Amino acid sequence: MPQKHPTPLIDELEKGAFPSFVKEIKRAAESSNVQDNNYAQDLLGQLELSYKEKKTHWKHGGIVGVRGYGSGVIGRYSDIPDQFPGVAHFHTIRVNQPGGFFYTTEALREICDIWDKYGSGLTNMHGSTGDIILLGTKTDNLEPVFAELSSRGWDLGGSGSAVRTPSCCVGPARCEWACYDTLELTYQITQRFQDELHRPMFPYKFKFKMAGCAVDCIASIARADMSIIGTWKGNIQIDQDEVRNYAKNGMDIQAEIVDMCPTGCMSWDGNELKINDEDCNRCMHCIAKMTKALRQGEEKGATILLGSKAPIVTGALMSWVIVPFIKLEPPYEELFDLVERIWEFWDEHGKNRERVGELIERMGFPVFLKETGIEPHPAMVKEPRRDPFFFWSEEDVEK
Amino acid sequence: MSELPQRQTDIGPPHYSKFLPPVIKENYGKWRYHEILSAGVMVHVAESGAKVWTVRVASPRLVSTDFIRDICEIADKYCDGHLRFTTRHNVEFLVSDESKVDPLVNELKEKGYMIGGIGDRISNVVHTQGWVHCHSAATDASGLVKVMMDELHEYFTEKELPAKVRLAVACCVNMCGAVHCSDIALVGVHKTPPRIEHDKVKNLCEIPSTVASCPTSAISPDPAKKSVKIKIEKCMYCGNCYSVCPAMPISDPKNDGVAIVVGGKVSNLRSNPKFSKLAVPWLPNNPPRWPEVVENVKKILNAYIEGAKKHERLGEWVERIGWEKFFKVTGLPFQLQHIDDFTFARETWRMAATFKW
Amino acid sequence: MDREELKKIIYELVEKSMGKKLYKPGDLFKKLEKEHGVSKAEAKAALRELMDAGTLIYSYKGGSYVEIPPKE
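Model, not experiment: these values are computed from the prediction.

This part covers the nonpolar core. Counting residues in hydrophobic clusters, the biggest one holds 136 residues, and the most contacted among them are A:M226, A:I322 and B:F93. Considering each element in turn, this core owes the most residues, eight residues, to helix 12 (residues 333-349) of chain A. If near-sequence neighbours (up to four positions away) are discounted, B:F93 is found in contact with B:W53, B:T54, B:V55, B:V57, B:I71, B:I74, B:A75, B:C79, B:L83, B:L104 and B:L108.

A sheet is described by the order of its strands in space; here five strands give the open sequence 6-7-8-13-14 (chain A), paired in mixed fashion. Every other strand in the sheet has two partners, leaving strand 6 (167-168) and strand 14 (320-326) of chain A as the edge strands with one partner each.

On to the interface of chain A and chain C, then. Interfaces are often sized by the amount of accessible area the parts lose when they come together. Opposite the 20 residues of chain A that make contact, chain C presents 19 residues. Taken over both partners, the interface formed by chain A and chain C buries close to 1,700 Å², and the fraction arising from carbon and sulfur atoms is 51%. Counting the surface chain A buries against chain C, the share from its top three residues, A:I63, A:R199 and A:M201, is 33%. Applying the counting criterion to the chain A and chain C interface returns three salt bridges. Among the salt bridges present, the one from A:D195 reaches C:K44, with a minimum N-O distance of 3.6 Å. On the surface where chain A and chain C come into contact, there are nine residue pairs in polar contact (both at pLDDT 80 or more). Those elements that place two or more of their residues in the side of chain A that touches chain C are helix 7 (194-198) and helix 12 of chain A. Its residues placed into classes, the side of chain A that touches chain C shows seven nonpolar, six polar and seven charged.

Time to look at the domain arrangement of chain A. Residues and elements named next belong to chain A. Considered domain by domain, chain A is made up of domain 1 (8-53), domain 2 (73-151), domain 3 (167-232 + 299-394) and domain 4 (236-295). Averaged C-alpha coordinates put domain 2 and domain 3 at centres separated by 30 Å. Buried surface at the junction of domain 2 and domain 3, both sides included, amounts to about 650 Å², of which 57% is carbon and sulfur. Where domain 2 touches domain 3, the interface holds zero salt bridges. There are two residue pairs in polar contact (both at pLDDT 80 or more) connecting domain 2 and domain 3.

Quick notes on the rules
Residues numbered from 1 in each chain as written. Chains lettered and ligands numbered in written order. Predicted model: local features only at pLDDT ≥ 70, side-chain atom pairs only at ≥ 80, totals over all residues. Heavy atoms only, no water. Core = buried A, V, L, I, M, F, W, Y, C linked by side-chain atoms within 4.5 Å. Buried < 20%, exposed > 50% of the residue type's maximum accessible area, 1.4 Å probe, protein only. Helix = DSSP H or I, 4+ residues; strand = E, 2+ residues; numbered from the N terminus. Contact = heavy atoms within 4.5 Å. Pairing = 2+ DSSP bridges. Buried area = accessible area lost by both parts, 1.4 Å probe. Salt bridge = Lys/Arg side-chain N within 4 Å of Asp/Glu carboxyl O. Polar contact = N/O pair within 3.5 Å; in protein donor to acceptor, adjacent residues only side chain to side chain. Nonpolar A, V, L, I, M, F, W, Y, C, P; charged D, E, K, R; others polar. Domains from an automatic or database assignment.

Below, the structure is given as structure tokens:
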């Protein structure tokens, strides 16, 4: 029987209305399904100590992984293993999630059974990048878990200086706004770049996130080096009867729709909604509020943006436009070709731990466009430069 | 030990089509519209007239395998063995037969699941690992989520807000959660520079990359000690050096705390995506229930509810009224730390004579 | 270049720099191209064989590096 630690502080977090993670750790600590309850039991003990001392008790990284891969396992060790031997090793395994986070119960149970046999019985559904996170096992169990998982069709996700596990919104599976097949593109990108995902070869991480429309439920513009956001060309399709129904059911179309349109391209006379589509910037507000009445234009595709990251080190970046419009249909060769050109540029110039967005900032967006062969387009900027300090190349000047 | 199966590499994830419920497969890419029926139930209607009802419940993200087995059992009973998760850690049960919706909702309620998170409400909180699993955590993440949502859960299950309010928690400034673009977000921060364990630097760290890791060039080599030194006045406590060099721990229980940032968004609806901005620079790390943090979050949320127009996200509301007024209506003190002195500082200073008293 | 010879060069590069410089795979590829005229594809394939055999491993120190596995 594993040793039970008194946990008065974290017990406080079993109280209250919202689902409790402490209850979940306790379940894993007591579950008869979990083969080794020491992981969760000692996790409770160590967590209680962190709550008491207000500091973490995990050591920095370490060298663990499965053979041949440099990615997918995060090494984690307790800094007080004598006190909590159950979490002396507490490595995380990232498992590449299926697109759109859809599962059969059969598949989920299969993963649970493997994890109960070799790990803590604790998971994150899902981690911040999108992977299934199997939380806590020891070094000797890594190969067995990988053999069990991969023989059943599951592979590890990305970590370190690699392609991180691509992820997407629910897309065409259950959303009328998906302008391209986010699940299929995510699958194809993941398959195409398996080597780059498992064997870290880049200056730093590279994330892809696929959002079906500008609502961006996968937060691609903030959290992906390459953000692929669905959009369209052509007029918004209006069902005037349905517009009138919304008005009849209490929607103040003038205040809630027309006045909130960022481009002022709409008008409403109490009977008919008019849109000047030439001025529309496709923000999705009107469509999102009147799902029955308005539909996107018919020519669908995506905008590709590049470069977002959290503030470490020189400040947060959001992705910015590099390709205003691209049709995204299998086999996606145009996109893959673009990705490879971007990586070549990054490989050539990137410093250690420099994300692609930071590199472009350092080298200059024009240099990036020139070297990757992307044509400049007004959609790439909010406004042209304010200073007169621009470069010309040799062919631009008279000899 | 029993014989292990043959490992395979580079196979990637299973194809999603293996896991889609029949109604999804049949109407893939052919959805017409959707309607939100209650805080936790919506229906999507396909061109064909087929419908799928979604019932959403919260999860603590950190879940046991037994939790997963429990939801599987429910999905077997009502959803022919299919379920999905959202990008914000909720569980979604998908039902193609309307007569199963109410019994499903009732059983979920009976079993104590928290149903909600759809529409203009607070959905689940995106967050990081904290003291549960991270070496650089300045605070716990799951705990902060729990205490915040214990107070705000009615906005998940029932009450409507002017627009969606996206919450996030990151346990350090690495911000592995979407803190930098959320309506209200918490981030663990340090207030003191790292300590250098000179005897360990030689074995654990590569000096050039440690020096290069510092965004303010505060770190330089110390050849005499075969280590590095820090210009304390240049250090902004980001901890990036610690990520590269384990011999430079930065955690400081007395001074580590929680900052609150607000007004970010990722959607393009109405206004462009926005970064979160600093509302409260430091609150004490006060586990297990962080009362100061919760109180300040409620203060901000209440001011937003009071002042925002329908459909206005928190950041849009603040931009309409002005940040100077935000500090007035929330009662939060404005201090030196609110004024940016980093990379994008200049863009944030007021270069106009127009502001509100 | 002969694959086995290339593998030996890579291993020695990593071995000699132990305690002084950590190599990222990209650094190795660039060095091999410059000093031995080896293409990136060739270098990648050789590194992969070394990794698959466990002769070299990837490590993570705020970024991914190539190292010799620690002695147990």
